[in-house]
Amino acid sequence: MFGIRAGYSLLQSLTTAAVQPKFPSRRICHVLQTSLSTRNYATTSNFKNKKEEVIASFDHVEAEYKTYKPITPGIRHLKRPINPHLYKGKPVRLLTVPLRRKGGRNSTGRITVRFRGGGHKRRIRVGSMTVVRVEYDPGRSAHIALTAARDPKAEGTAKWKYILAPEGLRAGDVVQSFRRPGGNTEQIDMAEMERRAKDKATTDALAVGILSGKTIKLGNCLPLRLIPTGTVIHCISLNPQGKAILVRSAGTFAQVLHHEEGGRYSHVRLQSGEIRKVLQSCVATVGKVSNAAWHGRSLGKAGRNRWLGWRPRVRGVAMNACDHPHGGGRGKSKSNKHPVSVWGWPTKGKRTRKPGPKGPKNSNKMVLKERPRGKEKRSGASSR
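Each value, and the rule that gives it
Residues numbered from 1 in each chain as written. Predicted model: local features only at pLDDT ≥ 70, side-chain atom pairs only at ≥ 80, totals over all residues. Heavy atoms only, no water. Helix = DSSP H or I, 4+ residues; strand = E, 2+ residues; numbered from the N terminus. Buried < 20%, exposed > 50% of the residue type's maximum accessible area, 1.4 Å probe, protein only. Areas by Shrake-Rupley, 256 points an atom, 1.4 Å probe, with all protein chains shown as cover. Pairing = 2+ DSSP bridges. Disulfide = S-S within 2.5 Å. Salt bridge = Lys/Arg side-chain N within 4 Å of Asp/Glu carboxyl O. pLDDT = per-residue confidence, 0-100. Contact = heavy atoms within 4.5 Å. Core = buried A, V, L, I, M, F, W, Y, C linked by side-chain atoms within 4.5 Å. Axes fitted to C-alpha atoms, helices over the stretch in contact; angles between N-to-C directions. Polar contact = N/O pair within 3.5 Å; in protein donor to acceptor, adjacent residues only side chain to side chain. Phe/Tyr/Trp six-rings, centres within 6.5 Å; stacked < 30°, edge-to-face > 60°. Lys NZ or Arg CZ within 6 Å of the ring centre and 35° of its normal.

S.K.: So what exactly am I meant to see when it comes to the overall build of the protein here?
M.R.: Along its length, the protein carries seven helices and 18 strands. The buried share among the 384 residues of the protein stands at 30%. Total accessible area on the protein is roughly 25700 Å²; 53% of this is exposed by carbon and sulfur atoms.

S.K.: Explain unusual backbone geometry here, please?
M.R.: Glycine aside, residues mostly have negative phi angles, and peptide bonds mostly take the trans form. Notably, Cys-235 is not glycine yet its phi reads approximately 55°, a positive angle. Within the secondary structure, Cys-235 is located in the loop between strand 11 (232–234) and strand 12 (236–237). A residue is classified by how much of its surface remains accessible, and Cys-235, at 13% relative accessible area, is buried. Phi is positive for Asn-291, close to 60°, though the residue is something other than glycine. Locating Asn-291 in the fold gives a position in the loop between strand 17 (283–286) and helix 6 (302–307).

S.K.: Explanation requested: the pairing of strand 7 (residues 144–149) in the structure shown.
M.R.: Every regular strand shows the same layout, with side chains that alternate between the two sheet faces. For strand 7, a buried count of five out of six residues is recorded, marking the element as mostly surrounded by other parts of the structure. Bridge count between strand 6 (residues 129–135) and strand 7: six bridges; the pairing is antiparallel. Across the sheet, residue Thr-130 finds its bridge partner in strand 7, namely Ala-148. Strand direction decides the pairing type here: strand 7 and strand 8 (residues 160–164), joined by five bridges, are antiparallel. In the sheet register, Ala-145 faces strand 8, and the bridge partner there is Ile-163.

S.K.: Which parts of the structure should I look at to understand the state of the cysteines?
M.R.: Cysteine pairs can be linked by a disulfide, which is a covalent bond between their two sulfur atoms. All told, the structure shown has zero disulfides when counted by the stated rule. Take Cys-221: it sits in no disulfide, and the sulfur closest to it among the cysteines is that of Cys-235, at 8.1 Å. Looking at Cys-221, the relative accessible area reads 17%, which means it is buried.

S.K.: What's the story with the pattern of salt bridges in this structure? I'm lost.
M.R.: Should the charged atoms of two oppositely charged side chains come close, the side chains can pair. If you walk through the whole model with that rule in mind, you get four salt bridges. The shortest N-O distance in the salt bridge between Glu-135 and Arg-133 comes to 2.5 Å. Here Glu-135 and Arg-133 have matching classes, each one buried. The salt bridge partner of Asp-137 is Arg-140, with a shortest N-O separation of 2.8 Å.

S.K.: Is there a simple way to think about the sheet that holds strand 7 in this case?
M.R.: Paired through their backbone hydrogen bonds, the strands of a sheet run either parallel or antiparallel. Reading across the sheet, the four strands line up as 8-7-6-9 and stay open at both edges, with antiparallel pairing between neighbours. In this open sheet, the two edge strands, each paired with only one partner strand, are strand 8 and strand 9 (174–175).

S.K.: In this structure, what is going on with the confidence of the model for the protein? I would like to understand it.
M.R.: Parts of the model with low pLDDT should not have their predicted coordinates read in detail. With 69% of its residues at a pLDDT of 70 or more, the protein has an overall mean of 77. Overall, residues 47–62 carries pLDDT values under 50, and its contacts beyond four positions in sequence, including any with other chains, amount to 15 contacts.

S.K.: Please explain the nonpolar core as it appears in this structure.
M.R.: General note: in soluble globular proteins, nonpolar side chains tend to be found buried as a group. Formed by 19 residues in total, the largest nonpolar core has its most connected members in Leu-224, Ile-227, Ile-233, Ile-236, Ala-254, Val-268 and Leu-270. Broken down by secondary-structure element, the contributors of at least two residues to this core are strand 14 (254–259), strand 15 (265–269), strand 16 (275–279) and strand 17. Not counting residues up to four positions away in its chain, the partners in contact with Leu-224 are Ile-233, Val-256, His-259, Ser-266, Val-268, Val-278, Leu-279, Gln-280, Cys-282 and Ala-284. Counting residues in each nonpolar core, the second largest holds ten residues, with Leu-95, Ala-142, Leu-146 and Ala-250 among its members.

S.K.: Got a minute to help me understand the sheet that holds strand 10 (residues 221–223) in this structure?
M.R.: Sheet architecture is open: seven strands sit in the order 10-17-11-14-15-16-18, paired in antiparallel fashion. Either end of the sheet is taken by a strand with one partner, and the two such strands are strand 10 and strand 18 (367–369). Across the sheet, the mean angle from the axis of one strand to that of its neighbour is 45°, orientation sign disregarded. Pairing of strand 14 with strand 15, which is carried by four bridges, proceeds in the antiparallel orientation. Considered in strand 15, the bridge of Gln-255 is made with Arg-269.

S.K.: Help me understand the environment of Gln-271 in this model?
M.R.: Its place among the elements puts Gln-271 in the loop between strand 15 and strand 16. Along the sequence, Gln-271 and Phe-253 sit 18 residues apart, while their C-alpha atoms lie 5.8 Å from each other. Within polar-contact distance, the side chain of Gln-271 engages the backbone nitrogen of Phe-253 at 3.0 Å.

S.K.: Sorry, what's going on with the side chain of Gln-280 here?
M.R.: Along the polypeptide, Gln-280 turns up in the loop between strand 16 and strand 17. From its side chain, Gln-280 meets the backbone oxygen of Tyr-265 in a polar contact 3.0 Å long. Not counting the four nearest positions on each side in its chain, Gln-280 is found in contact with Pro-223, Leu-224, Arg-225, His-259, Glu-260, Gly-263, Arg-264, Tyr-265 and Ser-266.

S.K.: In this structure, what is going on with the side chain of Asp-137? I would like to understand it.
M.R.: In this structure, Asp-137 sits in the loop between strand 6 and strand 7. Using a relative accessible area of 3% as the deciding quantity, one classes Asp-137 as buried. There is a polar contact of 3.1 Å between the side chain of Asp-137 and the backbone nitrogen of Gly-139.

S.K.: Looking at this model, I keep getting lost on the packing of aromatic side chains. Mind explaining?
M.R.: Any two aromatic rings considered together are summarised by their centre-to-centre distance and by the angle between their planes. Taken as a whole and judged by the stated rule, the model has one aromatic pair. When the ring centre of Tyr-87 is taken as origin, the NZ or CZ atom of Arg-133, which lies over that ring, is 3.8 Å away. Over the face of the ring belonging to Tyr-265 we find Lys-277, whose NZ or CZ atom lies 5.0 Å from the ring centre.

Spelled out as structure tokens, the structure:
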């Protein structure tokens, strides 16, 4: 009632204040359209997860998401990160191979990974260089960067390569790898220089410091011995000649804590809070993995999960007794048993893996401190 009166008074004031045109109704509609705010199909919203702990050097990064007007049920709860710097075209065909999926089945055709199958077709991206563009990769949560070799004679796969894009990397930036034969570490005997630098204050000590300062740039890949303590890193290898294994998911990072004096190892704190030893000859990339807002996304409907290759997950109490320990019986009951998995392993907090210092003797010598669990995790011991 009050809304109708307010609208009528607004119309009356507009008609009396303005000069009477040839078509007054059109002018009134135009004034109403310009005065009232309109909502687009997609809007942006600033959302920051309170549980996510952000270190001081990354405080300025705010996660922004795109939400949609709920004209269909499938987009009512849909929420996607906003990445305007991503390339909107297709990837380089030369650097991709088709992904052949097996639907969770092994070589004999039996299901070894449950609830996998279907999904959209994908192609795997394989990959001193210049960043050409940053792209979306459907096979991972982080973004990837297309790089071009600075050598004008390079062709094909020697010229174009994909790397995991760190946070803040943009088109036009220059990244270097000090691991390949053409890198600086092959031209300089770093072990000999460090040995002479430790013996006495020589020009080698200054050279090591200058080289370390020049190479610590976002996106550079170099051995752990050249990375100062406190540096944020990702894409850590556990074999000097192997590929990156640790810290590759979106928004994750590790930190170099200590270099052993006269030793072979460096101490690295991983994303989970675990502290482990890594060979100093192993390489890592400087920076934090991109697309940290990926963890706050919302798919919005079950169909998008099917596009990603996931099938519906069936509860154990809904199965037959021959299919799950919780199955069978009359009604919704698991026969007063402790919760277990389909293979009979205790679940809901029961520890089945005991590596590291708290486990059996010599079970994992590389782990110096396990990740916080239970009360230690809730008390904030994993805060960094």
